[in-house]
Amino acid sequence: MAAAAGEVRLIGGWPSPFVLRARVALNLKGVEYEFLQEKFGEKSELLLRSNPVYKKVPVLLHHDKPVCESMIIVEYVDAAWAKSGQAILPADPYERALHRFWAVYIDDKWFPSMFGIAKAQTEEAKAESVEQAWAALKLLEEAFEKLSKGKAFFGGGTIGYVDIALGAYLGWAKVIEQMAGLKLFDEEKTPLLAVWAERFCAHEAVKEVMPETEKLMEFAKMLRGK
Amino acid sequence: MAEGENKGLVLLDFWVSPFGQRCRIALAEKGVEYEYREENLRDKSPLLLKSNPVHKKIPVLIHDGKPVCESLIIVQYIDEAWPDRAPLLPADSYARAQARFWADLVDKKMYESGTKLWKLKGEAQEEAKKEFIEILKLLEGELGDKKYFGGDTFGLVDIALVPFTAWFYSYEACANLSAEKEAPKLVPWVKRCRERESVSKSLPDPLKVYEFVCFLKKVYGIE
């Protein structure tokens, strides 16, 4: 669905999983938007003006009105373009509560443990983070079974709210897997999620915007070098 | 789930929890009957452990046997399950995004920052005070001259924030921080909220909160 020029803009950075969430949501709804890539190390005037509280990406500008925080943007996109594409959140209030619960879990528990693997200074600390990450994925595997109801995604037949929440981290998960020499989305430990991960990355709405692992690795090395 | 059906509504809660109070306020705003169950957090009930196996925390709202966890998720669930009355979120999707943003900010900042005020001492406490005042001023700025955070209608952000006002007395007693002095524009808003029965019935006596804080300080060995 073509948007009028300047109607929809997204301030972001290509490596950010949070920005990726917004992009996938917009793609799912077929919304045309202008991607305003922030310069690394510098925050634009527009960003600072649009997100004065956190000064972070992503920020969605719809008719110049800012929406901040990735999952809030996803929910906004779902509502603002309710007539386009498939629903991102389910219609039933209880199902919605479940999706919201797991999205919060993914950010509060899964992300810190995954990130903890990268940050770990000692082998011990790394091992602990790995255990935590696997434990979180086990819970997410169970959640997938319940929410997907035998279909391809957490959202059922199509990519939904929880898919976006978790899927956005897949690029960085691959980087961490390579750097740490282990498998996070392990076919043996979490078979359903291992398949889901491939499926998510291959999806129409995702594949063009999911950053390539090699590029992320380079970016990560550059960050470490700093 | 049929609209208006409220048989089998149970709220697992703990009297002083601002997160539990959010749920009580939302249920009261909707005029929905429910069974309140006080949990002993040192001896959690089998029902709590079964209903929230991931976090094992209150509040949990159990509706016809199905548990909903996380206070702001519960409040939104209550709003969506009883859509025919007292909307807690605005109709406009942009306004809803704003409400969620500010409720999320309260979630991210108030509890942690507030807790530091009575847990820490000396330099660390002074830092915590600065941080807390910043948050109050931010919220004050967002409220502006509006009746409630969402405008004319009491809603999600008010519900997210108002339970923490019962802790203002404790913050003053423990950290010599007067929220009323630091963010005077919030004062009429607090008064307005407390005039709502849903709020006045759900919030604890600030003195009782202070007693609880003192008890916790003893437990943690804080002077």
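Values in this document were obtained by computation on a predicted structure and should not be read as measured data.

1. So, the overall build of chain A
So, point 1. Of regular secondary structure, chain A possesses 10 helices and four strands.
So, point 2. Across chain A, helices and strands are ordered from the amino to the carboxyl terminus as β-α-β-α-β-β-α-α-α-α-α-α-α-α.
So, point 3. Taking 226 residues into account, the globule formula puts the C-alpha radius of gyration at 17 Å, and chain A, at 17 Å, falls close to it.
So, point 4. Along the first, second and third principal axes, the C-alpha atoms of chain A reach 50 × 45 × 30 Å.
So, point 5. When each of the 226 residues of chain A is scored for burial, the buried share is 53%.
So, point 6. Sequence separation of at least 24 residues holds for 67% of the intrachain contacts in chain A that already meet a minimum separation of 6.
So, point 7. Here chain A displays about 10700 Å² of accessible surface, and carbon together with sulfur accounts for 53% of that area.

2. Regarding helix H3 (residues 70-80) of chain A
So, point 1. Counted residue by residue, H3(A) has nine buried out of 11 residues, so it is predominantly covered.
So, point 2. Within H3(A) the residues assigned to the buried category are A:Ser70, A:Met71, A:Ile72, A:Ile73, A:Val74, A:Glu75, A:Tyr76, A:Val77 and A:Asp78.

3. Things to note about the sheet that holds strand S2 (residues 35-38) of chain B
Paired through backbone hydrogen bonds, the strands of a sheet run either parallel or antiparallel to each other.
All names here are of chain B.
So, point 1. Ordered in space as S2-S1-S3-S4, the four strands form an open sheet in which the pairing is mixed. Since the sheet does not close on itself, it has two edges, and those belong to S2 and strand S4 (66-69), each with one partner. Each strand of the sheet is rotated relative to its neighbour by a mean of 20°, with strand direction disregarded.
So, point 2. Pairing between strand S1 (residues 9-13) and S2: four bridges, direction parallel. Paired with Leu11 across the two strands is Tyr36, which belongs to S2.
So, point 3. Across the sheet, helix H1 (residues 18-30) is in contact with S1, S2 and strand S3 (60-63); its angle to S1 comes to roughly 155°.

4. Focus: the packing of aromatic side chains
The description of two aromatic rings rests on the distance between their centres and on the angle between their planes.
So, point 1. The final tally for this structure, using the stated rule, is 30 aromatic pairs over all chains.
So, point 2. Arranged with centres 6.3 Å apart and planes meeting at 85°, the rings of A:Tyr94 and B:Tyr77 form a pair that is edge-to-face. Placement of A:Tyr94 in helix H4 (residues 93-119) and of B:Tyr77 in helix H3 (residues 71-81) is noted, with the two residues assigned to different chains. Accessibility assignment for this pair places A:Tyr94 and B:Tyr77 in one class, buried.
So, point 3. Linked through ring pairs, A:Trp110, A:Phe144, A:Phe154, A:Phe185, A:Trp196 and A:Phe200 together constitute an aromatic cluster.
So, point 4. Just above the ring of A:Phe35 sits the side chain of A:Arg23; from NZ or CZ to the centre is 3.8 Å.

5. Some details on the interface of chain A and chain B
So, point 1. Between chain A and chain B, the contact holds 23 residues from the first and 26 residues from the second.
So, point 2. Carbon and sulfur atoms supply 71% of the area that chain A and chain B bury against each other, a total of about 2200 Å² over both sides.
So, point 3. Area buried by chain A at its contact with chain B is led by A:Tyr54, A:Tyr94 and A:Phe101, which between them contribute 29% of it.
So, point 4. Across the chain A-chain B interface, the total number found is four salt bridges.
So, point 5. A:Arg100 serves as the salt-bridge partner of B:Glu80, at 3.2 Å between the closest nitrogen and oxygen.
So, point 6. At 10 residues, the largest contribution of residues to the side of chain A that touches chain B is made by H4(A).
So, point 7. Considering only residue class, the side of chain A that touches chain B consists of 17 nonpolar, no polar and six charged.

6. Some remarks on the domain arrangement of chain A
All names here are of chain A.
So, point 1. Along its sequence, chain A is carved into domain 1 (8-80) and domain 2 (93-225).
So, point 2. Taking only C-alpha atoms into account, the centre of domain 1 sits 21 Å from that of domain 2.
So, point 3. Each side of the interface is counted separately: domain 1 has 16 residues, and domain 2 has 24 residues.
So, point 4. Counting the surface domain 1 buries against domain 2, the share from its top three residues, Trp14, Leu20 and Arg21, is 32%.
So, point 5. In this structure, the connection of domain 1 to domain 2 is made through three salt bridges.
So, point 6. Arg21 is paired through a salt bridge with Asp107; the nearest N and O atoms lie 2.8 Å apart.
So, point 7. Scanning the region where domain 1 abuts domain 2 turns up five residue pairs in polar contact (both at pLDDT 80 or more).
So, point 8. Taken together, the elements giving at least two residues each to the side of domain 1 that touches domain 2 come down to helix H1 (17-28) and H3.
So, point 9. Counting residues per element, the side of domain 1 that touches domain 2 draws most heavily on H1, at nine residues.
So, point 10. Counted by class, the side of domain 1 that touches domain 2 contains 12 nonpolar, one polar and three charged residues.

How each quantity is defined
- Here the residue numbering is sequential within each chain, running from 1 through the sequence in written order.
- Written order decides the labels, with chains lettered from A and ligands numbered from 1.
- Since the coordinates come from a predicted model, pLDDT governs what is reported: local features require at least 70, and pairs of side-chain atoms require 80 or more to be given and counted, while whole-chain, interface and lining totals use all residues.
- Side-chain descriptors were evaluated using all non-hydrogen atoms of the structure, hydrogens and water having been removed beforehand.
- Runs of E in the DSSP output that reach at least two residues are strands. Runs of H or I that reach at least four are helices, and both are numbered from the N terminus.
- Radius of gyration means the value over C-alpha atoms here, while the globule rule gives 2.2 Å times the residue count to the 0.38 power.
- Buried residues are those whose accessible area, probed at 1.4 Å on protein chains only, stays under 20% of the maximum for their type, while exposed residues exceed 50% and partly exposed ones sit between those limits.
- Note on contacts: a residue pair qualifies if any of its non-hydrogen atoms lie within 4.5 Å across the two residues.
- Residue-level accessible areas treat just the shown protein chains as cover; the underlying method is Shrake-Rupley with a 1.4 Å probe.
- Note on pairing: DSSP must find at least two bridges between two strands before they are called paired.
- Every angle, taken between N-to-C directions, lies between 0 and 180 degrees, and every axis is a line fitted to C-alpha atoms, over only the stretch in contact when it is a helix.
- Pairing of aromatic rings covers Phe, Tyr and Trp, the last through its six-membered ring, and needs centres within 6.5 Å; plane angles under 30 degrees mean stacked, over 60 mean edge-to-face, and all others mean tilted.
- The rule is short: NZ of Lys or CZ of Arg within 6 Å of the ring centre and within 35 degrees of the ring normal puts a charge over the ring.
- Take the accessible area each of two parts loses on contact, using a 1.4 Å probe, and add the two losses: that sum is the buried area.
- Throughout this description, the term salt bridge denotes a Lys or Arg side-chain nitrogen within 4 Å of a carboxyl oxygen of Asp or Glu.
- Under this grouping Gly is polar, as are all residues other than the nonpolar Ala, Val, Leu, Ile, Met, Phe, Trp, Tyr, Cys and Pro and the charged Asp, Glu, Lys and Arg.
- Domain delimitation follows an automatic or database domain assignment.
- Under this definition, polar contacts are N or O atom pairs within 3.5 Å; protein pairs additionally need one hydrogen-donor-capable and one acceptor-capable atom, and for neighbouring residues in sequence, both atoms have to be side-chain atoms.

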